Amino acid sequence: DTAVSQTPKYLVTQMGNDKSIKCEQNLGHDTMYWYKQDSKKFLKIMFSYNNKELIINETVPNRFSPKSPDKAHLNLHINSLELGDSAVYFCASSQRRGTGELFFGEGSRLTVL
Amino acid sequence: QQPVQSPQAVILREGEDAVINCSSSKALYSVHWYRQKHGEAPVFLMILLKGGEQKGHEKISASFNEKKQQSSLYLTASQLSYSGTYFCGTPRGFGNEKLTFGTGTRLTIIP
């Protein structure tokens, strides 16, 4: 059983399209995250949710909209995709806000043509 | 502000030692270390909570100097399996909900 799972693993799409990535964790964690890893391998936090509540929203364009229907799921919807959105998007989870480790999903590689 | 890691990349022969440094311009409450193998997700190695604390994971250990706002990761007698990119992570505050990762250090171990 995968602890943090993301779907799809790969997305290839045209500029201007809308796409969604889904994430689920079965660890019973309260906090979930979206990170973006660009071509230079920089890992940058985008959003953080604690028990379905948005607690971190970094300076991310509002074309990106996260949604957490329950504490085990965190989805990411991206509107009007741009070339610069091409990256690997990682979902992660951790126990309630504290100092515990982050468990990452396998990543979703988004390519915008 | 993103922590800065050095070196950016290092190549070692199996059995050699390496040190990876992580420096922050802001006060640190804790430091995380993660390793990411090519094409995979980052995996947690260890967290250091107190200044001067050292922790270990296999033959990998780390230190944390609060005053200098720095942490170092020590890899001893490196193995092929240690290859990957190492990231330090520093939370902006006590909690880990805003973990900012460093610039990364790519480690390549050759036989």
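Computed from a predicted model, the values in this text were never measured in an experiment. (Residues numbered from 1 in each chain as written. Chains lettered and ligands numbered in written order. Predicted model: local features only at pLDDT ≥ 70, side-chain atom pairs only at ≥ 80, totals over all residues. Heavy atoms only, no water.)

**Structural notes on the packing of aromatic side chains**
Here is the rule we go by: Aromatic rings from Phe, Tyr and Trp, with only the six-membered ring used for Trp, were paired whenever their centres fell within 6.5 Å, and each pair was classed as stacked if the ring planes differed by under 30 degrees, edge-to-face if by over 60, and tilted otherwise. The rule is simple: take the accessible area with a 1.4 Å probe, protein chains only, and divide by the maximum for that residue type; under 20% is buried, over 50% is exposed, in between is partly exposed. Numbering of helices and strands runs from the N terminus; a helix is a DSSP stretch of H or I covering at least four residues, while a strand is a stretch of E covering at least two.
Under the defined criterion, the tally for this structure stands at ten aromatic pairs over all chains. Note on Tyr33 of chain A and Tyr35 of chain A: the rings are 6.2 Å apart at their centroids and 40° apart in plane angle, and the pair reads as tilted. Comparing Tyr33 of chain A with Tyr35 of chain A, the two get one shared label, buried. Seen in terms of ring centroids, Phe87 of chain B and Phe101 of chain B are 6.2 Å apart; in terms of plane orientation they differ by 80°. Their pairing is edge-to-face. One end of the pair, Phe87 of chain B, is in strand 9 (residues 84–91); the other, Phe101 of chain B, is in strand 10 (residues 99–101), with 14 residues separating them in the sequence. Here Phe87 of chain B and Phe101 of chain B have matching classes, each one buried.

**Things to note about the pattern of salt bridges**
All names here are of chain A. Short version of the rule: The salt bridge definition used is simple: a Lys or Arg side-chain nitrogen within 4 Å of an Asp or Glu carboxyl oxygen.
Within this structure, the stated rule accounts for four salt bridges over all chains. Measuring nitrogen to oxygen at the nearest pair gives 3.8 Å for the salt bridge that ties Glu106 to Lys9. Residue Glu106 is located in the loop between strand 10 (103–104) and strand 11 (108–112), and its partner Lys9 is located in the loop between strand 1 (4–7) and strand 2 (10–13); the two are separated by 97 residues in the primary sequence. Judged by its relative accessible area of 52%, Glu106 is exposed. Given the relative accessible area of 41%, Lys9 is considered partly exposed.

**Structural notes on the sheet that holds strand 1 of chain A**
Residues and elements named next belong to chain A. Stated precisely, the cut-off is as follows: In this description, strands pair whenever DSSP reports at least two bridges between them. Between N-to-C directions, angles span 0 to 180 degrees; the directions come from axes that are lines fitted to C-alpha atoms, helices contributing only their stretch in contact.
Taken together, four strands build an open sheet; the order of strands is 1-3-8-7 and the sheet is antiparallel. Of all strands in the sheet, those with a lone pairing partner are strand 1 and strand 7 (64–70), marking the two edges. Neighbour-to-neighbour, the strand axes of the sheet open up by a mean angle of 15°, direction not taken into account. Of the pairings in the sheet, the one linking strand 7 to strand 8 (residues 73–78) comprises five bridges and is antiparallel in character. Looking at the pairing, Phe64 lines up with Ile78 of strand 8.

**Remarks on the interface of chain B and chain A**
As a reminder of what qualifies: In this description, contact between two residues means that some pair of their heavy atoms is separated by no more than 4.5 Å. Buried area: the accessible surface (1.4 Å probe) lost by two parts on joining, summed over both. Here a polar contact means two N or O atoms within 3.5 Å. Within protein one must be a hydrogen donor candidate and the other an acceptor candidate, and residues neighboring in sequence count only if both atoms are side-chain atoms. Three classes are used, and their members are as follows: Ala, Val, Leu, Ile, Met, Phe, Trp, Tyr, Cys and Pro are nonpolar, Asp, Glu, Lys and Arg are charged, and the others, Gly among them, are polar.
Taken together, the contact between chain B and chain A spans 20 residues of the former and 22 residues of the latter. Summing both partners gives a buried area of about 1,800 Å² for chain B against chain A, and 58% of it is carried by carbon and sulfur. Linking chain B with chain A are zero salt bridges. The tally of links between chain B and chain A comes to three residue pairs in polar contact (both at pLDDT 80 or more). Every element with two or more residues in the side of chain B that touches chain A is listed here: strand 4 (31–36), strand 5 (42–48) and strand 10 of chain B. Split into classes, the residues belonging to the side of chain B that touches chain A amount to ten nonpolar, six polar and four charged.

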